[in-house]
Every structure is written in structure tokens, then in C-alpha cells.
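Single-letter residue listing:
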Amino acid sequence: MGKLDGKVAVITGAASGIGRASAIRFAGEGAAVVIADLNSEGGEAAVRDCKEHGGRAVFQKTDVASEPEVKGLVDRAVKEFGRLDVIFNNAGLGGAVGTIEEITGDNWDRTLAILLKSVFLGMKYSVPEMRKLGGGSIISTASVAGLAGGRGPHAYSAAKAAVVNLTRSVALEVGKDRIRVNCICPGGINTPLIYNRLPGGRQVGEQFLAQLQAIPRAGHAEDIAAMALFLASDDSEWVTGQAMVVDGGLTAGGRLFGQDQQQRPTIPGGFAGPSFEKN
Amino acid sequence: MGKLDGKVAVITGAASGMGRASAIRFAREGAAVIVTDLNEEGGSGTVAECKTLGGKAVFQRVDVSSEADIKGAVDRAVKEFGRLDIMFNNAGLGGATGPLEKVTRENWDRTMAILLGAVFLGIKYSVPELRKVGGGSIISTSSVGGLRGSGYLAAYCAAKAAVINLTQSAAIEYGHDHIRVNCICPGGVNTPLIYAGSKGGYEEAEKNMARMQPIPRAGRPEDIANMALFLASDEAEWITGTAMVVDGGMNTGNARFRLSNLANAGFSGPSYTRGS
Ligand SMILES: NC(=O)c1ccc[n+]([C@@H]2O[C@H](COP(=O)([O-])OP(=O)(O)OC[C@H]3O[C@@H](n4cnc5c(N)ncnc54)[C@H](O)[C@@H]3O)[C@@H](O)[C@H]2O)c1
Ligand SMILES: NC(=O)c1ccc[n+]([C@@H]2O[C@H](COP(=O)([O-])OP(=O)(O)OC[C@H]3O[C@@H](n4cnc5c(N)ncnc54)[C@H](O)[C@@H]3O)[C@@H](O)[C@H]2O)c1
């Protein structure tokens, strides 16, 4: 009866935040989940969460920037559960921060390895397994920072934009194998990525993030997990090459006329005539 | 247990194609559906099918270009089922076709009224009802034709592009009220809109359309209904102002370029090293 009955999923960065919420959701819908993360403690806890929701899960310690480790991760899914239907390339961090002059070449490379190369590796090693099954779903976490400038640090924004376009490029190639390739662009989601850096932690994150977008509440990891579930399930069988925006309306548009989102605009109904008619 | 238990939805253009598939999907997930269309026979058929599956549905004849009719559809939902949670502005047609210089002003206006004015009216009359229940979901059917232009279909494409932008504006305006406003951009979906009246009919279209996008099959009304269900449900509680593309990858890029001369794996070096 679950939406993912019989399917096997790998989720990276599943010790925390969006990845963990997705692992729990997938497990609850019948998937067997391989939880991958650098953080073993969080990863083991995520496995316990999945089991509590009646699902099957194992943890595999993985650095997503390492080619042998990503390969090992896919191998583990096949060894443990016999197949791979879904890979969710989600692990991430803020990476190199600072002005363009301050960013070191090393920090640039590390950021791109963790946020972009990891997605390439996830695709590279999952495609052959999915092809064996006659199809599958590749999902990656990009960001609204990948759709325009000014929504994240430089290296992060560049890497996320690259994830969006890699998604499109690979979707064209593997569509014939009925492998779908999509990414999700979250807005401001109140996960440890955000609130561990805020004085005041989670609660302050909740208040701060509530003000950013049209819908007056912070994004939650579960909002992204719901989209990931849709993309993982057969409901999205004809959806590929897309960057799915889940951002409470953040990128829907600006405040063209400087309206404050928190204040109801008091623009009266009517008709704006030609300017020469005004007073 | 259904994803839309207790919710009430109005769907326009629900006598056929995507609207019909969505009505059936919504009803199966527990929603009460106001099936609206110009086509009464088709609409009654949709209602009957919803009921066969154990759902609640009624038909209301609506011309979506009529303000009174759209208002009437919303009123009917409230009168019949006590509330409105979901408005799916979906009715459509090809509209004014052919070279722009031959398109008449009248056909241009009719196209805009049915494809764009109807969405405005659907938003206008549903918002007060959605606000009363603490929020809701407005969904409209745009098109990949709204993402970029297409020859000989300018009125349609312009209207569909406007639906996307209207969606964004409305999303910004009504986020406060937890009213979500999104649209769907289908690619080539094999519905009567495509195959009715064409020589080879459904079968021929199915074959031709399978080649139009990376995923090698034509789109089905159910593909769009799945997305509509997702957007209608509480799963999409934090999604607003988006244009969700469901097109089998059609709009993703140019596949032909990829295939040209890059078939062999390797590394393409600087051009000066590649001279023959
Ligand atoms: N939180 C937001 O507002 C937001 C917005 C847009 C995009 N994102 C993206 O969402 C994804 C998930 O982030 P989150 O918000 O859940 O943050 P999070 O910090 O809660 O979770 C990220 C997880 O990735 C893991 N990770 C980091 N580097 C790794 C590596 N090299 N190998 C393996 N695992 C590694 C971390 O240990 C952590 O468990 C990231 O890609 C992030 O960029 C987040
Ligand atoms: N089929 C495709 O490939 C495709 C692609 C992109 C977008 N669309 C859009 O999807 C929507 C649904 O189309 P479909 O493919 O299911 O076609 P369809 O012809 O099967 O269904 C459209 C329905 O809208 C109804 N309708 C038309 N004008 C109306 C009016 N003035 N008032 C009330 N009802 C009216 C029709 O009677 C019909 O039942 C349309 O908005 C269309 O533009 C279709």
C-alpha cells in the first residue's frame, strides 16, 4: 500500500535535516533505505527512526566527495537489498564563504567536490543499476541559490546552479532507459545547516525563516521530503529534467513596488489610467 | 485515508482529458468534486465515473469565459458541499491558430478570455472561500508553450505564459492567507485536444508523441492528474508560485546536439591538439 513498496533507495546526507526526513518518509512508504553520511551517530539514529516507522534501513558511512565511497554505497544497496530504484543525492554544507577575493582555491575545490562532484558520482554509479531494472529515479538537492545570485555563498551558488543543469543534461541521456533525473530547489529550510549557526538555534531559525517568503512560516525538512517522495514514486513517471522549487513563494517574484511582505499592501482596487490623467 | 479527505474541489474542463483524469483522481482520494465544462455529456460521464469509484461529484455547466458562470461554480461548491479547498483552472483549447497577420482580433480576444481571463476569474472568486477555511490550493493548467514561443500558436503561448506570471503574482499576494497558487506546464499529452479530429486518432498520436521527449512515451492525462493531486494535497503546503513542468523532459534541452559527435567516452582537448 505504500508509494515506494518494493523499492530500494540510497539517500546521502541522511543523518540530518532534509535527508533524514526523507529517509523516514521513504521508509514509511515501504522503501528499503541505505542511509549515507559522514556523521555515523546521526546516521545510526536515522536508521532507528526508519525502523520505528516500520521500514528497513541500514547505515553506510560515506564521504560523498570520494569516488570509491559513492561506488561502495551503490554496491551496498544492491548487496543488502538486491537492487537500486532511487538515489537521492542530498548531502551538503555551506562550503567556502567570504568575498570572491577571500575564497581560497582549496576551499573552492572542496565545496565543488562535496556539492557537485558528489552528484555526478551518484548519477554515474546508480544509472547502470537502474537500467537493469528498466528505470528509476535520480533526485538531487540543488537550491534556490542555484537559480539566481545573492541567495548563498559564491561557491555554493555556482555548485547548485551546476546541479540544476547537470540534471537537465543527464535527463536527456537516460530518458530512453526510463530513468528520470530531477532536482529540488529548497528555499529557507529550518535544518541544522541553518540553525546550528544561529545564536538561539532552532527557535530563532523558525522566526527568521518565516519572514523570507510569501507563506509566512519557515520551511521544514518534511516539505522537501514530500517532494522527494513524489519524485521517487511512480506518480512522477513522466517528470524529468526538472528543478522543482519548494520555497514557500520565495522565488515567485520580487516586491516590484516595494511592498513589505509582512504588511498588507493597501493598494486599492481600481484601474491605473494613463499617467497624464493623474492630477 | 485519502489524500484529499474532507476537501472540496472545483475543476474546469473536467469533461475530458486532464480535467477528467484529475476529477477521478481527486474523488478517489476523498475529495468532493464540482465537475465543470461546456460539454454536458462528457461532464456527466466524469461524474458517473467518480461515483463508481465511491467518490462524490456533481456536474455544473460552465463557460469559463463567463464571469457569472465561474462565480456560479464556486457558489455551487459552497452550496453543495459547504466549502471550497481547491480550484483547478484547467479548461482549454488551441484557440487562434495560424500566422499572426491572419489572426483576427476577435479570435485573439476569445483565446485570451478562455485561457487567461478564466484563470483570473477562478482566482478572484475562489480566494474569498479559500480564505474562510484558513487556506487552500489554486492550480491552473499552463503549458510548455508558456515557457517559450511557438510559431502559429502565438495567442495560446502568450496566454499560457501569462498564466505562469499571474500564478506568481497571486502567490505573492495570498501567501499570507496560506492560499497556495501554482500551475502545471504539461508537454505533449495525448488527450482529445490533440487527437480529436486528426486522421490517425489516438493510436497515431500515441506513436508520434512518443518521440517528442527523452522519455519514450506520450504523456497521459494521469501524469498531469498526479501532479495536480500533489499540489492539491497538504503535501505541497509550502509550495507556491511555481510552474511545475510535466513533459517527459521535452523542454530540458536539445538532445540532437548531444548525439552529434560526442558518442565516444573520453576527453575533448583544446582544439589546436585535435587537428587532423
Ligand atoms: N536548509 C536549507 O535552507 C537549504 C536550502 C537549500 C538547499 N539545501 C540543501 O539541502 C541539502 C541538505 O541540507 P540540510 O539543510 O538538510 O542540512 P543538514 O546539515 O541538516 O544535513 C546535511 C547532511 O549532509 C551531511 N554531509 C555533509 N558533507 C558530507 C559529505 N562530504 N559526505 C557525506 N555527508 C555529508 C552532513 O553530515 C549532514 O548530515 C544540502 O545539499 C543543502 O545544500 C538546504
Ligand atoms: N494535451 C496537451 O498536450 C496539452 C499540453 C499543454 C497544455 N494543455 C492544456 O491542458 C488543459 C486541458 O486540456 P486537455 O489536453 O485535457 O484537452 P481536452 O480537450 O481533453 O479537455 C479540455 C476541456 O476543456 C473544455 N473547455 C474548452 N473550452 C471551455 C470553456 N470555454 N468553458 C468550459 N470548458 C471548456 C473542453 O470541453 C474539454 O472538456 C488545457 O488548458 C490545455 O491548454 C494540454
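Residues numbered from 1 in each chain as written. Chains lettered and ligands numbered in written order. Predicted model: local features only at pLDDT ≥ 70, side-chain atom pairs only at ≥ 80, totals over all residues. Heavy atoms only, no water.

Looking at the site of ligand 2
Residue and element names in this part refer to chain B.
So, point 1. Inspection of the region around ligand 2 gives 28 residues, with Ser-16, Asp-37, Asn-90, Tyr-156 and Thr-191 positioned closest.
So, point 2. Note that a nitrogen atom of ligand 2 is positioned 3.5 Å from one of the backbone N or O atoms of Leu-38.
So, point 3. Between ligand 2 and Val-189 there is a distance of 2.9 Å, counted from an oxygen atom to a backbone nitrogen or oxygen.
So, point 4. Notes on ligand 2: free accessible area 820 Å², of which the protein chains cover 92%.
So, point 5. Residue assignment for the shell around ligand 2 shows that the elements contributing at least two residues are α1 (17-28), α5 (154-174) and α6 (192-195).
So, point 6. It is α6 that contributes the most residues to the shell around ligand 2, three residues altogether.
So, point 7. In the shell around ligand 2, the residues fall into 14 nonpolar, eleven polar and three charged. (Near = heavy atom within 4 Å. Polar contact = N/O pair within 3.5 Å; in protein donor to acceptor, adjacent residues only side chain to side chain. Areas by Shrake-Rupley, 256 points an atom, 1.4 Å probe, with all protein chains shown as cover. Helix = DSSP H or I, 4+ residues; strand = E, 2+ residues; numbered from the N terminus. Nonpolar A, V, L, I, M, F, W, Y, C, P; charged D, E, K, R; others polar.)

Some thoughts on a nonpolar patch on the surface
So, point 1. On the surface, Val-204, Phe-208 and Leu-212 of chain A cluster together into a nonpolar patch covering about 220 Å² of accessible area.
So, point 2. Tracing the backbone shows Phe-208 of chain A in helix α7 (residues 201-210). (Patch = residues over 30% accessible without salt bridge, like charges linked within 9 Å, V, L, I, M, F, W, Y side chains within 5 Å. Salt bridge = Lys/Arg side-chain N within 4 Å of Asp/Glu carboxyl O.)

Here's the deal with the packing of aromatic side chains
How two aromatic rings sit relative to each other is given by the distance of their centres and the angle of their planes.
All names here are of chain B.
So, point 1. By the definition in use, this model includes three aromatic pairs over all chains.
So, point 2. Summarising the aromatic geometry, the rings of Phe-26 and Phe-88 are spaced 6.5 Å apart at their centres and angled 25° between planes, so their arrangement reads as stacked. Residue Phe-26 is found in helix α1, and its partner Phe-88 is found in strand β4 (residues 86-89); the two are separated by 62 residues along the sequence. Note on accessibility: Phe-26 and Phe-88 belong to one class, buried. (Phe/Tyr/Trp six-rings, centres within 6.5 Å; stacked < 30°, edge-to-face > 60°. Buried < 20%, exposed > 50% of the residue type's maximum accessible area, 1.4 Å probe, protein only.)

Notes on the interface of chain B and chain A
So, point 1. Taken residue by residue, the interface counts 44 residues in chain B and 46 residues in chain A.
So, point 2. On the chain B side of the contact with chain A, Ile-172, His-176 and Trp-238 of chain B bury the most area, a combined 24% of that side's loss.
So, point 3. On the surface where chain B and chain A come into contact, there are five salt bridges.
So, point 4. When the shortest N-O distance is used, the salt bridge between Arg-217 of chain A and Glu-237 of chain B registers 2.9 Å.
So, point 5. The interface formed by chain B and chain A includes twelve residue pairs in polar contact (both at pLDDT 80 or more).
So, point 6. Secondary-structure elements contributing two or more residues to the side of chain B that touches chain A are α5, α8 (221-232), β7 (243-246) and α9 (255-259) of chain B.
So, point 7. The leading source of residues in the side of chain B that touches chain A is α8 of chain B, at four residues.
So, point 8. Within the side of chain B that touches chain A, the residues separate by chemical class into 16 nonpolar, 17 polar and eleven charged. (Contact = heavy atoms within 4.5 Å. Buried area = accessible area lost by both parts, 1.4 Å probe.)

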